[in-house]
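Summary of structural features
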Number of protein chains: 2
Amino acid sequence: MQNQPYSDTTIDELRQIYLFSSLNDQQLAQIKENMRHIQIDEGNFLFKHGEHAARFFMLKKGHIKLLRLSREGAEKVFEVVSPGETFAEAAMFMPQSSYPMTAQAISDSSILCFENQIVIDILKESWDACSQLMFQMSQRIHMWINEIDHLTLQSATYRLINYLLYQIPDNHKNVYKVKFPVPKHVIASRLSIKPETLSRILHTLNKEGFITVKGSTIRIHNVDRLRLHAVGVDVVSQ
Amino acid sequence: MQNQPYSDTTIDELRQIYLFSSLNDQQLAQIKENMRHIQIDEGNFLFKHGEHAARFFMLKKGHIKLLRLSREGAEKVFEVVSPGETFAEAAMFMPQSSYPMTAQAISDSSILCFENQIVIDILKESWDACSQLMFQMSQRIHMWINEIDHLTLQSATYRLINYLLYQIPDNHKNVYKVKFPVPKHVIASRLSIKPETLSRILHTLNKEGFITVKGSTIRIHNVDRLRLHAVGVDVVSQ
DNA sequence: TATAATCATTGATTAAAATCAACTTTCTAT
DNA sequence: ATAGAAAGTTGATTTTAATCAATGATTATA
């Protein structure tokens, strides 16, 4: 992990971060002044579950997985962070809080790093930014609720189909290619299924004519048909 | 569902709600003026998944379950709300948002009902209240993350033990009685296990000498021993 | 380009919990 | 107090996905 000059991140770039989008130049300049730019090589950790959470992050390049380990060492990936996304910002308002997960680079990554206290001081002055953070936190809550819904009310096959469909813009109806941004076993853990099972599900969906798998690229033959299948898959499997 | 005069809820009572604890008398008076008091009989719905979310709530009396249904009609209880707790306040900051779950009374309930817009206007003026809401939302996020952890990395037995231990104050070491506040099948759904399985797990824990079950009361013989068992239960079961 | 290491697939088997079904207990309302 | 409904328990069986094991494919690297 090495610090780098932050000269290559502009104020305009910061403004594109949703949480900062309503801030003025002076506020953004202050954030820029206090932010750091870090590089993390594949496999290395940005922070670990339980560590004191004093900063949050924006991924510029690479991929980061947010995970937890069971006592027996089993790994559950909660989220795969892609470039442009912020993470760990929800802990900002828990004084003396600790990160609820571990963050590990899946590939060499470039990260912007913000001090919670600096941003909190700015949020105090900006109702808009404040309500944007709350909006974002609401969304997170909804996301996790959906996740629990999928884990408890849906099958592994459904979860995978859902994941695939989620990547596709609404207007696409026919053919579409989805590419896994990270190795299949990471996607599997993200979906709470074992790699073997993911492999079998992909195989079955292929056999049923829904998809063609080529490495990490999934070609969906007919998006609408898969959407329809997702609605019925649990009913059918009874 | 019938409206009632709110005369029996005082300003002081409102101040005990965490989210309102830093507000001044004038702000609390305004909230009181705009709040409503509703009664909901057992089995009836307060709101349904997908409905427009314009208010949030504080349960005064009774019990409310927050649930989702699968397409096949299977019910998953996400949360059992007990008196004194607020709920659905996280949706406040999602404009045009809808409730992510259904709220149904498990027993005859008495509920305070707050208009989102009124509270938002007050939050605008109060940084403290604002940061308290954010703190609360952070906690919710952590809670759901823990929930997913339990669902994916732990067994049904572990989830039940966890639930029991969670009800017990830290200082208790030996015997302790936990009483299920709602029927066992609701607890089962809350823990994402079937009633039959819950029954079997309780039976097994009894056979192993950890607990005695009498109706909805679980007598834990030795809290420390159960805590220790929880740590090892997954390892042992391998 | 060889070689190891990681990742992915496939098959056989197992395990945890769900399902189905019957029955008992408890609660509720008359 | 009693009938009926709802909730809970217990047993037999099935299902989904995990586990175990072996092999094949990719990727990285020496």
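Residues numbered from 1 in each chain as written. Chains lettered and ligands numbered in written order. Predicted model: local features only at pLDDT ≥ 70, side-chain atom pairs only at ≥ 80, totals over all residues. Heavy atoms only, no water.

Focus on the relation of the copies chain A and chain B
Expressed as a screw transformation, the operator carrying chain A onto chain B has a rotation angle of 180 degrees and an axial translation of 0.0 Å, and the superposed copies differ by an RMSD of 0.0 Å. Taken together, the rotation angle and the small translation identify this as a two-fold axis. When you check the interface residues of chain A against chain B, 100% turn up at the interface there too, and the contact is symmetric in its surfaces. (Least-squares fit on C-alpha atoms with pLDDT ≥ 70 in both. Contact = heavy atoms within 4.5 Å.)

Describing the layout of surface pockets
Roughly 1,300 Å³ of volume is contained in the largest pocket. Along the wall of the largest pocket there are 42 residues; nearest its centre are Met143, Asn146, Glu147, Tyr166 and Arg190 of chain B. Elements that contribute at least two residues to the lining of the largest pocket include exactly β4 (55–69) of chain A together with β5 (75–81), α4 (127–153), α5 (156–166) and α6 (184–190) of chain B. For the lining of the largest pocket, the element with the highest residue contribution is α4 of chain B, accounting for 11 residues. Along the lines of polarity and charge, the residues of the lining of the largest pocket split into 19 nonpolar, 13 polar and 10 charged. Estimates place the volume of the second largest pocket at around 1,200 Å³. In this structure, the second largest pocket is lined by 38 residues; those nearest its centre are Glu79, Met143, Glu147, Tyr166 and Arg190 of chain A. When residues of the lining of the second largest pocket are traced back to their parent elements, those giving at least two are β5 (75–81), α4 (127–153), α5 (156–166) and α6 (184–190) of chain A together with β4 (55–69) of chain B. Per element, the largest residue contribution to the lining of the second largest pocket is 11 residues, and it comes from α4 of chain A. (1 Å grid on protein atoms, 1.4 Å probe; cavity = no way out; pocket = protein on both sides within 12 Å on 5 of 7 lines; lining within 4 Å. Points joined across faces, edges and corners; volume = space filled by probe spheres on them. Helix = DSSP H or I, 4+ residues; strand = E, 2+ residues; numbered from the N terminus. Nonpolar A, V, L, I, M, F, W, Y, C, P; charged D, E, K, R; others polar.)

As for the nonpolar core
Counting residues in each nonpolar core, the largest one holds 98 residues, and the members touching the most others are Phe20, Phe87 and Phe114 of chain A together with Phe20, Phe87 and Phe114 of chain B. Membership of the second largest hydrophobic core comes to 30 residues, among which are Val182, Leu191, Ile193 and Leu202 of chain A. (Core = buried A, V, L, I, M, F, W, Y, C linked by side-chain atoms within 4.5 Å. Buried < 20%, exposed > 50% of the residue type's maximum accessible area, 1.4 Å probe, protein only.)

Brief notes about α5 of chain B
Of all 11 residues in α5 of chain B, eight are buried; the element is thus mostly enclosed. Listed in full, the buried residues belonging to α5 of chain B are Tyr158, Arg159, Leu160, Ile161, Asn162, Tyr163, Leu164 and Leu165 of chain B.

As for the domain arrangement of chain A
All names here are of chain A. Splitting chain A by domain gives domain 1 (2–152) and domain 2 (155–236). For domain 1 and domain 2, the distance between their C-alpha centres works out to 28 Å. Its largest share of buried area at the contact with domain 2, domain 1 owes to Val77, Val80 and His150, together 40% of the area lost on that side. Across the contact surface, domain 1 and domain 2 share one salt bridge. Counting every contact that joins domain 1 to domain 2 gives seven residue pairs in polar contact (both at pLDDT 80 or more). Elements with a contribution of two residues or more to the side of domain 1 that touches domain 2: β5 and α4. Top contributing element to the side of domain 1 that touches domain 2 by residue count: β5, with six residues. Split by residue class, the side of domain 1 that touches domain 2 holds five nonpolar, two polar and four charged. (Domains from an automatic or database assignment. Buried area = accessible area lost by both parts, 1.4 Å probe. Salt bridge = Lys/Arg side-chain N within 4 Å of Asp/Glu carboxyl O. Polar contact = N/O pair within 3.5 Å; in protein donor to acceptor, adjacent residues only side chain to side chain.)

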